[in-house]
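For reference, the chains in residue letters:
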Protein chains: 2
Amino acid sequence: MSTELTPLQQRVLDFITECIQDRGVPPTVREIGKRCKINAPSSVAYHIKQIEAKGFLKHEDAISRGLSLPEGSDPARLPILGRVGAGNGIIAQEDIEGHLRVDPESAKRGDFVLRVRGDSMTGVGILEGDFIQVRPAETARDGQLVIGVTEEDAEGVVKRLKKRGSSWQLESENPNYSPITKEFRVVGLVIGLIRNYS
Amino acid sequence: MSTELTPLQQRVLDFITECIQDRGVPPTVREIGKRCKINAPSSVAYHIKQIEAKGFLKHEDAISRGLSLPEGSDPARLPILGRVGAGNGIIAQEDIEGHLRVDPESAKRGDFVLRVRGDSMTGVGILEGDFIQVRPAETARDGQLVIGVTEEDAEGVVKRLKKRGSSWQLESENPNYSPITKEFRVVGLVIGLIRNYS
DNA sequence: GAGTATACTGTACAGATGTTCAGCTGTCAA
DNA sequence: TTGACAGCTGAACATCTGTACAGTATACTC
C-alpha cells in the first residue's frame, strides 16, 4: 500500500478537515459522499478506512461522526535548538531546549526555532530573546535574512546575506557591528519570528 | 438569565470540552447524560440550550453531535480582527479576517490578533505587517505596550503607555511621531508578536 | 482467458440520535 | 396558599448513521 493519498482520498480528507476546523463537527459518511460525489455510504467508509490506514485520519468504529485528525495536525511543533548569536553568539549544541508551536500554514517539516541573542539585528526588528523560525537551506538570495555559520568555530548568526562587489558577506542591521567577510556557510533561512512579552 | 453557568451546566460543558479536545468528537446527549448523571436526553438538551444561550457553546440543530466550542475557546486559534494602526491607523471593524494559530501556552481565551500598520513602533521591533497578539484589558501599567483607542474616532493604535507628570499618554517608538495626549482608552495588552518573512 | 486487486454501487438494517410532548418536583416570592 | 419558574423524567418518534453484504466495472497481471 502506498503511503500517498489518491486525489479522491485527498478530497475526502480535505472535506473532513474543513468540517472539523470550520464547523467544529466532523461530517457523516453521507455528507462526505454528497460533497465528494460518492454515491454509496459504503464507498465513503471504504475510503475512510484507506485514509486511516495511511495515517491521515483517526476513526472510531461505530460512532457517528467518529472522525478526527491525528496528533500533529494542530499547530506545528517545532524544536527550539538553542540560542543563535545575533551579535557574536553561537548556535548551541543541537540539544532541543523545548518546543514552540506555530501556525501549521507557515511551517514545513524540518523547520526549527532559534532564540536570538544580541542586538545586531535590531534594525530590522529582531530583538534579543526573540524566537526565529528557520527553514534549513544551503543557499539564499542577495538580501535575505539567513542563519550563517563560519567554518572555523561553527558559530551561528542571524544576518542579512549581501553581495558586495564579487564577494558575499553577512551584514548586521546595527551600525555597531561590522560585516562578516571571512568564509561562512548558509544553513537556513529566516522565515518567521515569534516574540513573547511577559 | 444570568451569564454564569450553574455547577451542573459547568460539568456538562467540561465534559463536552473534554470530548472535543481529547477524543476529537463531540458527545451525544445520551453520552453527556450518562456521564453527568442526567437520565433523560431531553434534560441534557435543555441544559445544552441554556449553555448555548449563555454563549459557551455552539449547537447545530438536528445534527448528531452538533456541538462545538465557540470562537476563542481553542486558545491556540486566534481570530485576526483587522489591522491596527501603529502610526495613525485604525482597528478595523471586528470582522474576523482569518485565524492564526499560536502556541497554546502563551494564549488565553479572549486573545486576538491584530495586524500592524505603520512604522511608529519600529524602535521596539514592531514592524508594519507584523501580527500582534493582544489580550483584552482595560488597564495597564506604566511602560507597557498597549492597544489604545481614542474616544472620538475609535482609532486603535499600538503604543507604549507612559505616565508623564500627572497625566498618561500613548507614546510611539519612533521619533517622527508625537505622543497621543488626548483622551484615550486602553483596550488590550500586547503579549506577543508573530512575523512571517515571505 | 482466468485471476486478482481496486474502486466503486445499491440495498438493507439495527441501533444511535435529536426532538417533542405531557407531566412531575422542589424552591421561592407574593 | 398560590403562582411562577427552573430542573428534570419518561416515552415515543422520525430521522440519521455506520456497517454489512452482494454485486459491478475496470485495469492489470499471469
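1. Some points on the interface of chain A and chain B
Taken together, the contact pairs 36 residues of chain A with 33 residues of chain B. Counting the surface lost from both chain A and chain B, the interface buries some 2,700 Å², and carbon and sulfur atoms represent 48% of this. At the boundary of chain A and chain B, one finds 12 residue pairs in polar contact (both at pLDDT 80 or more). Broken down by secondary-structure element, the contributors of at least two residues to the side of chain A that touches chain B are α1 (7-23), β2 (67-68), β4 (98-102) and β10 (184-196) of chain A. By residue number, the principal contributor to the side of chain A that touches chain B is β10(A), which donates seven residues. Of the residues that constitute the side of chain A that touches chain B, the class distribution is 17 nonpolar, 11 polar and eight charged. Taken together, the five bridges between β10(A) and strand β10 (residues 184-196) of chain B define a ladder with antiparallel strand orientation. Across the sheet, residue N196(A) finds its bridge partner in β10(B), namely G192(B).

2. Describing the protein's contact with DNA strand D
Taken together, 21 residues lie around DNA strand D, and A62(A), R65(A), S42(B), S43(B) and H47(B) are the ones closest in. At the protein interface, 58% of the atoms of DNA strand D within 4 Å belong to sugar or phosphate. Between DNA strand D and the protein, one listed contact pairs a base oxygen with a side-chain N or O atom of S42(B) at 2.6 Å. Counting residues per element, the ones that place at least two in the surface near DNA strand D are α2 (29-36) and α3 (41-53) of chain A together with α3 (41-53) of chain B. At four residues, α3(B) tops the list of elements feeding residues into the surface near DNA strand D. Grouping the amino acids of the surface near DNA strand D by side-chain chemistry returns eight nonpolar, 10 polar and three charged.

3. Some details on the protein's contact with DNA strand C
In the vicinity of DNA strand C lie 22 residues, with S42(A), S43(A), H47(A), A62(B) and R65(B) positioned nearest. Counting only atoms of DNA strand C within 4 Å of the protein, the fraction found in sugar and phosphate groups is 59%. S43(A) is positioned such that a nitrogen or oxygen atom in its side chain is 3.3 Å from a phosphate oxygen of DNA strand C. If you list the elements that add at least two residues to the surface near DNA strand C, you get α3 of chain A together with α2 (29-36) and α3 of chain B.

4. Some details on the pattern of salt bridges
Evaluated as defined, the whole model comprises 12 salt bridges over all chains. Across the salt bridge formed by R35(A) and E18(A), the nearest N and O atoms sit 3.2 Å from each other. One end of the pair, R35(A), is in helix α2; the other, E18(A), is in helix α1, and 17 residues separate them in sequence. Overall, the relative accessible area of 45% leaves R35(A) in the partly exposed class. Assessed through its relative accessible area of 34%, E18(A) is described here as partly exposed. With a shortest N-O distance of 2.7 Å, E173(B) and R160(B) are connected by a salt bridge.

5. Considering the pairing of strand β6 (residues 131-136) of chain B
All names here are of chain B. Examined bridge by bridge, strand β5 (residues 112-117) and β6 share four bridges and lie antiparallel to one another. Bridge pairing links F112 to V134 in β6. Relative to β10, β6 is paired through six bridges, and the arrangement is antiparallel. Bridge pairing in β10 links V134 to V190.

6. Considering α3(A)
An α-helix turns once every 3.6 residues. As a result, residues three or four positions apart point the same way. Residue and element names in this part refer to chain A. For α3, built from 13 residues, the straight-helix expectation of 18 Å at 1.5 Å per residue is met to within 8% by its first-to-last C-alpha distance of 18 Å. Those residues of α3 that sit buried are V44, H47, I48 and I51. One side of α3 carries all its buried residues, which in axial view fall inside an arc of 105°. α3 presents S42, Y46, K49 and A53 as exposed residues on the side facing more than 90 degrees away from its buried surface. Looking at the buried side of α3, the elements it contacts are α1, α2, β1 (58-59) and β2. Immediately downstream of α3, the backbone of G55 shows phi near 90°, a positive value.

7. Details of the state of the cysteines
Summed over the entire model, instances satisfying the criterion amount to zero disulfides over all chains. In this structure C19(A) is not part of a disulfide, and its nearest cysteine sulfur, from C36(A), lies 9.2 Å away.

8. As for the packing of α2(A) against α3(A)
Residues and elements named next belong to chain A. Between α2 and α3, the shortest axis-to-axis distance is 8 Å and the interhelical angle comes to 95°. The angle between α2 and α3 falls in the class roughly perpendicular. Residues V29, R30, I32 and G33 of α2 form the contact with α3, whose participating residues are P41, V44, A45 and I48.

9. Description of the confidence of the model for chain A
Per-chain confidence: chain A averages 82 in pLDDT, with 84% of residues scoring 70 or above. Within the model, pLDDT remains below 50 along residues 83-94 of chain A, and this stretch shows 50 contacts once partners closer than five positions in the same chain are excluded.

10. Quick look at the nonpolar core
Formed by 30 residues in total, the largest nonpolar core has its most connected members in I126(A), I132(A), V158(A), I126(B), I132(B), I147(B) and V158(B). For this core, the secondary structure elements donating two or more residues are β5 (112-117), β6 (131-136), β7 (145-150) and β10 of chain A together with β5, β6, β7 (145-150) and β10 of chain B. Aside from chain neighbours lying at most four places away, what touches I132(B) is F112(B), V113(B), L114(B), V116(B), I126(B), V158(B), V190(B) and G192(B). Listed in part, the 16 residues of the second largest apolar core include C19(B), I32(B), I38(B) and I48(B).

Here is what the cut-offs are and how they apply
- Residues numbered from 1 in each chain as written.
- Chains lettered and ligands numbered in written order.
- Predicted model: local features only at pLDDT ≥ 70, side-chain atom pairs only at ≥ 80, totals over all residues.
- Heavy atoms only, no water.
- Contact = heavy atoms within 4.5 Å.
- Buried area = accessible area lost by both parts, 1.4 Å probe.
- Polar contact = N/O pair within 3.5 Å; in protein donor to acceptor, adjacent residues only side chain to side chain.
- Helix = DSSP H or I, 4+ residues; strand = E, 2+ residues; numbered from the N terminus.
- Nonpolar A, V, L, I, M, F, W, Y, C, P; charged D, E, K, R; others polar.
- Pairing = 2+ DSSP bridges.
- Near = heavy atom within 4 Å.
- Salt bridge = Lys/Arg side-chain N within 4 Å of Asp/Glu carboxyl O.
- Buried < 20%, exposed > 50% of the residue type's maximum accessible area, 1.4 Å probe, protein only.
- Expected span 1.5 Å × (residues − 1).
- Arc of directions from axis to C-beta.
- Disulfide = S-S within 2.5 Å.
- Axes fitted to C-alpha atoms, helices over the stretch in contact; angles between N-to-C directions.
- Parallel < 35°, antiparallel > 145°, perpendicular 65-115°, else oblique.
- pLDDT = per-residue confidence, 0-100.
- Core = buried A, V, L, I, M, F, W, Y, C linked by side-chain atoms within 4.5 Å.

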